[in-house]
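# Breakdown of the fold
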Amino acid sequence: MADHAEEVLKAANTIAVVGLSRNPAKAAHSVPAAMQAAGFRIIPVHPSADEILGEKAYRSLADIPEPVDIVDVFRPSPEAPGVAEQAVAIGAKAVWLQQGIASAEARRIAEAGGLDYVEDRCIAVVRALGRITKH
């Protein structure tokens, strides 16, 4: 049977990354960079950056002027429910909590809003193992 996370990723093109870091040494920078290199459109969501990875950064999910497939979360677990609420509000297709991040409340919010939900999985590892590219 196909991995649910792989199916979510195969269906996606645009990934908004909440907590994308400007620091290349952090996973919150290198993981989205790897996804971008694989052909995914990365939209940074950052409270103060103007641009990361050559893409315009937005202060919040609500500020993004285009459809988003996956909201990828690089924030602590207690912040995940609020991000899930925002993801539902903008009509995203999925919420993805990175490895080490889990929230039963975020899952409840996402699934109640009709969104796919993945937690505690590295999106770049799922992409690599599934050999998923958008080129």
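The model shown is predicted, which means the values in this text are computed figures rather than measured ones.

### Let's talk about the nonpolar core
Among soluble globular proteins, nonpolar side chains are generally buried collectively. Counting 26 residues, the largest nonpolar core has L9, I15, M35, F40, I70, W96 and I123 as the members making the most contacts within it. Those elements that place two or more of their residues in this core are helix 1 (4-10), strand 1 (14-18), helix 2 (27-37), strand 6 (94-97) and helix 5 (123-130). Not counting residues up to four positions away in its chain, the partners in contact with F40 are L9, A12, N13, I15, M35, R127, I132 and K134.

### Things to note about the UniProt feature "domain: CoA-binding" (unreviewed entry) in the chain
UniProt's feature table lists "domain: CoA-binding" (unreviewed entry) at residues 9-101, given in the numbering used throughout. Span residues 9-101 is 26% helix and 24% strand, its end C-alpha atoms 18 Å apart.

### Quick look at the layout of surface pockets
Taken as a whole, the largest pocket holds about 270 Å³ of empty space. Considering the residues around the largest pocket, the lining is formed by 18 residues, among which V18, G19, V45, P47 and R75 are closest to the centre. Residue classes in the lining of the largest pocket are distributed as eight nonpolar, five polar and five charged.

Rules behind the numbers
- Residues numbered from 1 in each chain as written.
- Predicted model: local features only at pLDDT ≥ 70, side-chain atom pairs only at ≥ 80, totals over all residues.
- Heavy atoms only, no water.
- Core = buried A, V, L, I, M, F, W, Y, C linked by side-chain atoms within 4.5 Å.
- Buried < 20%, exposed > 50% of the residue type's maximum accessible area, 1.4 Å probe, protein only.
- Helix = DSSP H or I, 4+ residues; strand = E, 2+ residues; numbered from the N terminus.
- Contact = heavy atoms within 4.5 Å.
- UniProt positions renumbered as here; feature names shortened; annotations may be inferred.
- 1 Å grid on protein atoms, 1.4 Å probe; cavity = no way out; pocket = protein on both sides within 12 Å on 5 of 7 lines; lining within 4 Å.
- Points joined across faces, edges and corners; volume = space filled by probe spheres on them.
- Nonpolar A, V, L, I, M, F, W, Y, C, P; charged D, E, K, R; others polar.

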